[in-house]
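Letter by letter, the chains look like this.
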Amino acid sequence: MLVGTVSIEKSEDLSSRLTKRGIAHRVLNAKEHQKEAGIVAEAGKPGAVTVATNMAGRGVDIVLGGKEPPKEDKRTWDEWEKQHHRVISAGGLHVLGTERHEARRIDNQLRGRSGRQGDPGSSRFYVSLEDDIVRRFGGDRMKGFMERLGFDEDTPIENRFINKAIEDVQRRVEGYHFDVRKHLVEYDDVVNTHRELIYDERRKILGGADLKSNILAMVGTEIQSAVTDFLSANNEADWDVEGLVKEMGTIFPLPPELNTTTLIQMKPSEIEDKLIEHSAAAYEAREKEMGVENMRLLERLMMLRILDSLWIEHLTAMEGRRQEASWQSLRQMRSIDAYRNVGFEQFEELKVTYQHDVVHMIYHVTIKKREEPPKQAETPMARVAAASSPTPRKQAVKVGGGKVGRNDPCPCGSGKKYKKCCGR
């Protein structure tokens, strides 16, 4: 007998009930995967009772009489044939379903464990109106119908209406899960579009693209945006030149001649040109100071770090936006459409933040090389070690008449263990 349950918890609950009744059985629920093959091999023996989750419905072939022994072993083969015929004469494997699964496919898979390859078999499923799947969809309606017909708990339900109602419940659950999977794919497509754009940008950075021109273009865009924000008023008296100077000071140090007094006498377009011209000159001076190679390395490392950090924050924010989008259905709007809209806004915010961070960091960060630890003064023991012949790898070496172990300080004076230094 194969008893099917819908969850691990219910298989364990049923197992404890059978144990109390003194019914010997085995449990197949993926918790003891090392013993699964042995449990399946014995599930077809006479009198065997196996309690299983729906994992037993996928690809498990229960041989009546137990696992077939080698035919060369005549004595064992004869014994197996006796058990095989004994199970067949008793009706084969009986599948007992404790309740209906959410998908008809799983029920059919479990039912299909019996009557395989011409062997006899039977199956019966038990349903309670308090089962989750029935209670969620029309359980009260079916309960009233059964009470009117005078069914009690022990009467098998052969009525077509009841069976059809249960199948309708399963169809609705299957449709619900299909929609959930479909929406998950649609949600993932939104993030995948963002991911492709971010990874494309990373490939450009790692592939040796002209990052200098990219960064200077970002600086120019930030300057244009700042000039528009601070000098957009029609009346010059309302211009916030002081605020513009402070904002530019957060990007790069301004020369003395570009101050509030001089800038207020210019037109916005002239101010913009002057600031862009100075940004390029400051960039060239910084590149000359650091060296061309170091500047290229700095550009790449800085942009990668900012991009990766913002991408992680973006993924976290998008997960929160997904939860919020599900509520948009109350406004008669498809949740996936709402998610696409907020995803677009979120990604635009990422691009703006990326540009802002790059521009405000490039003129201020630098590269520091790690200094090597100072070497210790050469000792007499080190001189002896240097004069000695090369030693085999991972072997102890004799120095000055003594033997240096692999975990001893290296005689070269590096301060490391011998096995991590000259003993490598």
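Refer to the structure above for everything that follows.
Numbers given to residues run from 1 along each chain, matching the order in which its sequence is written. Totals for whole chains, interfaces and linings use every residue, but because this is a predicted model, local features are given only for residues with pLDDT of at least 70 and side-chain atom pairs only at 80 or more, for both listing and counting. In computing side-chain properties, one takes all heavy atoms of the structure into account and sets aside hydrogens as well as water.

### Thoughts on the layout of surface pockets
Going by this rule: Cavities and pockets are defined on a 1 Å grid built over the protein atoms alone: a cavity is a set of grid points where a 1.4 Å probe fits but cannot escape, while a pocket is an open set with protein on both sides within 12 Å along at least five of seven lines, and lining residues are those with an atom within 4 Å of any such point. Grid points are joined across faces, edges and corners, and a volume is the space filled by probe spheres set on the points. Labels follow the DSSP assignment, with helices taken as runs of H or I lasting at least four residues and strands as runs of E lasting at least two, numbered in each case from the N terminus. Any residue that is not Ala, Val, Leu, Ile, Met, Phe, Trp, Tyr, Cys, Pro, Asp, Glu, Lys or Arg is counted as polar, Gly included; the first ten are nonpolar and the last four charged.
The space that makes up the second largest pocket amounts to roughly 340 Å³. Among the secondary structure elements, those contributing two or more residues to the lining of the second largest pocket are helix H7 (160–206), helix H8 (211–230) and helix H13 (335–362). Sort the elements by how many residues they give to the lining of the second largest pocket and H13 lands first, with six residues. Its residues assigned to classes, the lining of the second largest pocket comprises eight nonpolar, two polar and four charged.

### Looking at helix H1 (residues 8–20)
The condition is simple: By this rule, a helix spans an expected 1.5 Å times one less than how many residues it contains. Burial classes follow relative accessibility: with a 1.4 Å probe on protein chains only, a residue under 20% of its type's maximum area counts as buried, one over 50% as exposed, and anything between as partly exposed. This arc is built from the directions going out from the helix axis to the C-beta atoms. Here, two residues are considered to be in contact whenever any of their heavy atoms come within 4.5 Å of each other.
The terminal C-alpha atoms of H1, which comprises 13 residues, lie 19 Å apart, in line with the 18 Å expected from a rise of 1.5 Å per residue. The set of residues buried in H1 consists of Ser-11, Leu-14, Ser-15 and Leu-18. Summarising the axial view, the buried residues of H1 lie within an arc of 105 degrees, below the 170-degree limit, and thus occupy one face. Turned more than 90 degrees from where H1 packs its buried face, Glu-9, Arg-17 and Lys-20 sit exposed. Where the residues of H1 are buried, they touch strand E1 (2–4), strand E2 (26–28) and strand E3 (50–52).

### What to know about the packing of H8 against helix H9 (residues 241–249)
Counted only if it meets this: Axes here refer to lines fitted to C-alpha atoms; in helices the fit is confined to the stretch in contact. Angles between the N-to-C directions go from 0 to 180 degrees. Note on terminology: angles under 35 degrees are roughly parallel, angles over 145 are roughly antiparallel, angles of 65 to 115 are roughly perpendicular, and the others are oblique. For any helix crossing, the convention is left-handed if the near helix is rotated counterclockwise from the far helix by under a right angle, and right-handed if that rotation is clockwise.
Relative orientation of the contacting elements H8 and H9 amounts to 155 degrees, with a least axis distance of 9 Å. In this view, H8 runs roughly antiparallel relative to H9, as classed from their interaxial angle. Two packed elements cross with a definite hand, and for H8 against H9 that hand is right-handed. Across the interface between the two elements, Ile-223, Ala-226, Val-227 and Phe-230 of H8 pack against Gly-243, Leu-244, Glu-247 and Met-248 of H9. Its residues assigned to classes, the contact of H8 with H9 comprises six nonpolar, one polar and one charged.

Functional significance is not addressed by these values, which are geometric in nature.
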